[in-house]
Each structure stands twice: as C-alpha cells, then as structure tokens.
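Take a look at the letters that make up each chain.
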Amino acid sequence: MYKTPCSRLSGLVGASVKQKLVQNVLRCNQTARGLIQLHRRDPSDRPTYQHLSFLKRQYVAKNNSELLQRAVPKHVPVLTIVDERDDSVEMRVERIPTIDPVVTGPAPQSEAVARTTQPEVGPAAAAQKDVASRSTAAISHETPHIQVESDEAREARLDRQWKQLKVNVADLPDIYARLAKIKLTALVVTTAAAGYAMAPVPFDPLIFFVATLGTGLASCCANSINQYFEVPFDSNMNRTKNRPLVRGQISPLHAVSFALACGVPGVALLTLAVNPLTGFLGALNIVLYTCCYTPLKRLSITNTWVGAVVGAIPPIMGWTAAAGCLEPGALLLGGFLYSWQFPHFNALSWNLREDYSRGGYRMMSVTHPGMCRRVALRHSLALGGLAALAPALGVTTWTFPVVSLPINLYISLLAFRFYRQGDRGSARKLFFCSLWHLPMLLLLALTCKKPRADQAADAAPPPAAASPLALQS
Amino acid sequence: MSARCLTRRSLRPVALLAPPRPHTASAVIGRFCSSAQTQRVKAAKRSTFRPAAGSTHDWIGPPNPLSNLRPIVYHVAEDESELEGRLRRLRQETEDWNHNFWTQQNITFTKEKDAFIISHLKAEGLTVRDEQGRRRSLGCEDMATFYKSFLDTNRTRHVNYNKEWYRRNFTITLLMARVALSDMWRTVTRKKNSSSTSS
C-alpha cells in the first residue's frame, strides 16, 4: 500500500538511451539490455508519509541507470545482477529509496524493466565483474535489478542535487510542520483535549483553547529537539531520512530556536493562564521526551516504557487543566494511553528491526523479541481491563465497558495473533488497528461520560453527542 | 573549552576513506569501475562538486551512498572571523567523523549480515542461491538473532559515539549562536558607525 506505481512509471518512461556512452560500458560483455530499475519496495515498509513526499522530489537514486542499446546477436536470458560485492557494500544503503529520477533526455526509453536470473553460478561469477562496473544496485532480497548509467551522467545528476543551505522563507511553514512532527502533535493535542473533556467540570472554552494550544506548543518543542538530537541516525533510517534537519533545509541553531520559541511560550501559557500543575506537567513531558527517551533509545530497551509515560501525560494535562488537580480519573486516562503505546509501538518497531539494528537503536523488537510480543499482548488486554475500571472511578457510566468491548476484543485478538505468529503481516495489522483504536476509544469514553448529576441547575443532557460544547454551563 | 578537547580527540579521517579532495572525476570513475570494495569506498567518499564562484552560502549535497549523510561544502567568507573559522572547521571535522563512523557501521553491518546468512544457509545445507538463481533470504526470526547480536557486540561503540555526537552537536550549536550574535553585533555597530560618520 505504500507503492505509488504511477510516479514510478513516469520515472521508468523518462529514462533515456545514450548510445554514445556505449564505450564506457564495453566492460560489460553481457548482451546488452536496458533495464530500468524498479525498486520494488517491500510492502511492509514503514509509513509512507515521508516516502510519498520525497517521491515528488528528484531524490538521489543510488542506482544509476542508463539505457544501454547495443546490437544483440541473439536474445540471451540476462544474468542475475546480484553482485555480492555491490550488495555487501551498498545493499543496505540502496534500500533507502531508489526511485529512479527522470533522466532528462530526448531519446525515449526502449526497454522495460526486466528481471534477470541466471541458473548457474559460473556465469554469474563472470557477471559480477561486469556488474561491478555498475556502481550500485538496489537489492531487495528477491528482486535484483540492473541499472547502468554513464558516469558523467551520474555525476551531472548528482551535481544537480546540490542545494544551497539557504532558508527559503516560503518553505518555512512546511519545514516547521515537519520539524514539529505536526501529525504527532495533532494526536497529542487530541488526547489532551479528550482529557479536558472527560474531566467532570463545566466546560470553559477559553481554558480549553489555551490548554490545547499550550500542549501543542510543548509537543512541537519536544519533537523539534528530538529531531535536532537525532540527525545522523535519522539520515540512516528509511523512515526518517526526509526530515528537515537531515536535508539541511534549516540549520541546527534554527531548529533549536524554533523549539525554544515554541516551548517557552507554551509552558508559560500553561503555567500562567491555566494552572501551575499543568505547566509543570508540560515541562516535565518535554524533559522526559528529549532528555530521557531520546538518549535512552540507543542505550536500553526501557526507552519504550519511558515513551509510554510521555504519551500518557497529555491527557493527564488536559484533565488537570480542567479540574486543577490530579484525580484518579486523570490517571485512568493516562493509563489508557500508557497501555495503548505498547501494541502500537511494538507492532510498528517489529517491521523496522533491520533499520533499528543498523542504526544502533535498542528496541525490544530487536533485542528481546519474545518480550516484545508478550508485552504488546499484555497491554492490549489491559486496555479492556482499564475500560472496565472507568465506571468504578466515576469517569464514565457502565455503558462504556460494554460499547468498547468489541474494539478492545479486536485489538486483543490481533495482539494475540501477533504474539503467536510474530510475522510482519500480523505486526502490520496490529499497528494499523492501534491507529484507529485509540481515537475510537476516546470518542466512546466521551459519549459515555458520566453526567454531572450534582448540580441540577446545569444538569447536562446525557452526552449523546460527542461535542463538549453541549456540556457548557 | 570543549573545542580543545575535540581537537585533541578528533579523529583523523582514515586514510582509506578520505582522499584529498577534490580529486578528478576520471579517478572517481576509474575507482568506481574497479571491483575492489575499498576503492569504491574511497571514491564514494567525496564528491567533486564545487559551487559557483559567486556563491555566498554553504551547499549541501545528496546523501553519500555509504554513510547516508549529506556532505556540505562550506563557504569561506573573505572577512571570516576567528569564531566563524572555528565553527566551520569544527563542522567539517564533525562531518568527516560522522561519515567515517556511519560508513564503517553500514559496511560492517552488511558484511556481517551476509556472513550470517551464508553460514546459516550452510548450516541448513542450502545453497546461497535458490533454483532461479536468486539469493536466498532467511526468515524474520533467523535474522532477528543477527540483529540482536549486532547490537550487543557494538554496544560500547554506539554508546561512545552517542556521547561524542551529543557533545559535538552542542558545541556546534553554541558556536553557531555565538557567531550569529557576533554577526548581529557587527551589523549593528557598523550601522552606528556609518550613521555617526555620515552625520
């Protein structure tokens, strides 16, 4: 589902034939074939957000491509391009997306992509010497491709990809959005808003707005600092290599200034306009994320638990913003987020094990795979348990455990399958389930929120609608 | 000052990986076309890109195929102050150091991974390539043993790299801040001087 065949096809069609460069590849005594490299990405690859956005840009293709046209005496099945030397040196790096950029040239492409296979080992060995002249080859373990490009063309193409390290003001909003991981921030703000809405107090739109704004700013700050710390690691992982600092769109100083410009007003807003407890929690969360979680990612698997706490704090902040103090209900909501993190993150990291290992990240999925699956299952079941706890703490009515049972059962089922099978498919399913499970759970909690029966004057109507404004006194 | 510590501790780029730059394109091509892995490593290290003469900015290039880090060509201003020079040299040195680390990491990873796969296949009595000539790959669980062992064997190296990277990152950012402030100060004083001389 991460493939974008259309954009790849345009890359294919754009490759050009360069006849005059035949001499450069005389070393290849294979029968000629022009092959467009189509890097078939493993469908279980990570979220496509970054991939799709850089597909639009001409990204460096590790695989140089050139269509080679030569007189072919007879059609010979082409050899496997799998060149051990190429592979061993550059296989890993080739996996970083290798969408062939459109090579501008007048001649149309003459051949389509072809897979090459060679039954015997002997000719393959000979092929390797020739293949060595092609500088790189993208390898997924089952689809070898050949790509040939003249070295001058390759140099020219790479030269074109040099960019000035100058801030383009028009791009800044987009850059800031990516620096602050705007989608993640939006999710964090949503959980904080849910925390606010679940608190048994009259709804105050101003405080609600200020609290969510402050939480959002704090989250932007934390995310920016995280990216600032992790530039070389992000460069080496497929999922993260299009981040603004990795690409040099802004300088590290700029990123830190942006983080401070978000974090300081955010925490100040929370402390002064809402209440000091919420401000403290916001600052604590920033510190936990940037100074504990980020370094711990490379030191020990406990980073996942710290990360779960980081995720649990925003709804607690929302609640304290409304109620002014830490109550069991706040901790329950935090508990939902805490438990949710494990099936979410463990499933995500399951399919990223190679990247994590190469990048030096210590994650449960790499170092303790059995524990990874056990913990995911355990916490999926815990979600159901916490839902049952909600009426006991007076956060919701008894209907909540009932209506949330189906989704809790479903995620537990997927977690159980992940536990038993432990393969990429079940991990992916669990991850995607977790993405909709959380908003659904919060929404159901909101609709089952216990009405405040203590004040007859502002007896809220049964919260059938999810809109918190209906509860305004 | 941490800069002193850094110079003391600075890694001289390994000769293998850092040829004098720039080198000619043909040399690059020649090396690329040889099948020796180390030569390819050498060639891939430095690009021959040079920005246009009138450029006043740094330039950043495509990711290096081995280390996945983007090289930067730093602009040297004529009136570069001592602070700016220090910053530029520190950034260049950090870039080289980073590049060396990640190149080594990636190469080691791929080599060890292949060795692991081959030894595993041999242990199971399978050939490296299957009937269609494609390379066999191992299942997730088998590879997981390798990933874990890779992390464990390299743990100390990673920890040391992290510490050094954080230190360098902070120093560079602090220097950048100082440079930015001193630039601002220079601009302000220059304006004041020009306004006082003109009046």
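Residues numbered from 1 in each chain as written. Chains lettered and ligands numbered in written order. Predicted model: local features only at pLDDT ≥ 70, side-chain atom pairs only at ≥ 80, totals over all residues. Heavy atoms only, no water.

Asker: Requested: an account of a nonpolar patch on the surface, with residues and values cited.
Answerer: Residues and elements named next belong to chain A. Residues Tyr410, Leu413, Trp436, Met440 and Leu443 make up a contiguous nonpolar surface patch of about 450 Å² in total accessible area. Counting only elements with at least two residues in the nonpolar patch, the list comes to helix 18 (399–421) and helix 19 (424–447). Of the residues forming the nonpolar patch, the biggest block, 3 residues, is contributed by helix 19. With respect to the secondary-structure elements, Met440 resides in helix 19. Residue classification places Met440 among the partly exposed residues on the basis of a relative accessible area of 37%. (Patch = residues over 30% accessible without salt bridge, like charges linked within 9 Å, V, L, I, M, F, W, Y side chains within 5 Å. Areas by Shrake-Rupley, 256 points an atom, 1.4 Å probe, with all protein chains shown as cover. Salt bridge = Lys/Arg side-chain N within 4 Å of Asp/Glu carboxyl O. Helix = DSSP H or I, 4+ residues; strand = E, 2+ residues; numbered from the N terminus. Buried < 20%, exposed > 50% of the residue type's maximum accessible area, 1.4 Å probe, protein only.)

Asker: Run through the packing of helix 18 of chain A against helix 19 of chain A, naming residues and quoting values.
Answerer: Relative orientation and spacing of two packed helices are given, respectively, by the angle between their axes and the distance between those axes. Residues and elements named next belong to chain A. Following both chains from N to C, one finds helix 18 and helix 19 inclined at 165°, their axes separated by 10 Å at the closest point. Judged by the angle between their axes, helix 18 and helix 19 are roughly antiparallel. For the pair helix 18 and helix 19, the crossing hand works out as left-handed. Between helix 18 and helix 19, the residues in contact are Phe400, Val403, Ser404, Ile407, Asn408, Tyr410, Ile411, Leu414, Ala415, Arg417, Phe418 and Gln421 and Ser426, Ala427, Lys429, Leu430, Cys433, Ser434, Trp436, His437, Met440, Leu441, Leu444 and Ala445, respectively. (Axes fitted to C-alpha atoms, helices over the stretch in contact; angles between N-to-C directions. Parallel < 35°, antiparallel > 145°, perpendicular 65-115°, else oblique. Left-handed = near helix turned anticlockwise from the far one by under 90°. Contact = heavy atoms within 4.5 Å.)

Asker: Account for helix 8 (residues 205–229) of chain A, naming residues and giving values.
Answerer: All names here are of chain A. Between the first and last C-alpha of helix 8 there are 36 Å, a value that for 25 residues agrees with the 36 Å anticipated at 1.5 Å per step. Taken across its 25 residues, helix 8 has 18 buried, putting it largely inside the fold. The N-cap of helix 8, judged by a side-chain oxygen 3.1 Å from the amide nitrogen of Leu206 a few residues on, is Asp204. (Expected span 1.5 Å × (residues − 1). Polar contact = N/O pair within 3.5 Å; in protein donor to acceptor, adjacent residues only side chain to side chain.)

Asker: Which residues make up unusual backbone geometry, and what are the values?
Answerer: Positioned with a positive phi, A:Lys181 is a non-glycine residue whose angle comes to about 45°. Notably, B:Asn68 is not glycine yet its phi reads approximately 60°, a positive angle. Inspection of the secondary structure assignment puts B:Asn68 in the loop between strand 1 (59–60) and strand 2 (72–73). Its relative accessible area of 3% is what places B:Asn68 among the buried residues.

Asker: An account of the sheet that holds strand 2 of chain B is requested, with residue identities and associated values reported.
Answerer: Taking strand neighbours across the sheet as the criterion, the 3 strands line up as 3(A)-1(B)-2(B) in an open arrangement whose pairing is antiparallel. Lying at the two open borders of the sheet, with one neighbouring strand each, are strand 3 (163–164) of chain A together with strand 2 of chain B. Strand direction decides the pairing type here: strand 1 of chain B and strand 2 of chain B, joined by 2 bridges, are antiparallel. Note on strand 2 of chain B: the bridge partner recorded for B:Trp59 is B:Val73. (Pairing = 2+ DSSP bridges.)

Asker: Describe the packing of helix 7 (residues 182–198) of chain A against helix 13 (residues 303–323) of chain A, naming the residues involved and giving the relevant values.
Answerer: All names here are of chain A. Where helix 7 contacts helix 13, the two axes come as close as 6 Å, and the packing angle between them is 40°. Relative to helix 13, helix 7 is oriented oblique. Remark: the crossing between helix 7 and helix 13 carries right-handed chirality. Residues Val188, Thr191, Ala192, Gly195, Tyr196 and Met198 of helix 7 pack against Pro314, Pro315, Gly318, Trp319, Ala321 and Ala322 of helix 13. In the contact of helix 7 with helix 13, the residues fall into 9 nonpolar, 3 polar and no charged. (Nonpolar A, V, L, I, M, F, W, Y, C, P; charged D, E, K, R; others polar.)

Asker: For the pattern of salt bridges, give the residues involved together with the corresponding values.
Answerer: Residues and elements named next belong to chain B. For the structure on display, the rule yields 13 salt bridges over all chains. Across the salt bridge formed by Arg167 and Glu164, the nearest N and O atoms sit 3.2 Å from each other. With Arg167 and Glu164 both in helix 6 (residues 155–198) and 3 residues apart, this pair spans about one turn of that helix. Judged by its relative accessible area of 8%, Glu164 falls in the buried class. Across the salt bridge formed by Glu164 and Arg168, the nearest N and O atoms sit 3.1 Å from each other. Here Arg168 and Glu164 lie together in helix 6, a separation of 4 residues that amounts to about one turn. For the residue pair Glu164 and Arg168, the accessibility class agrees, reading buried in each case.

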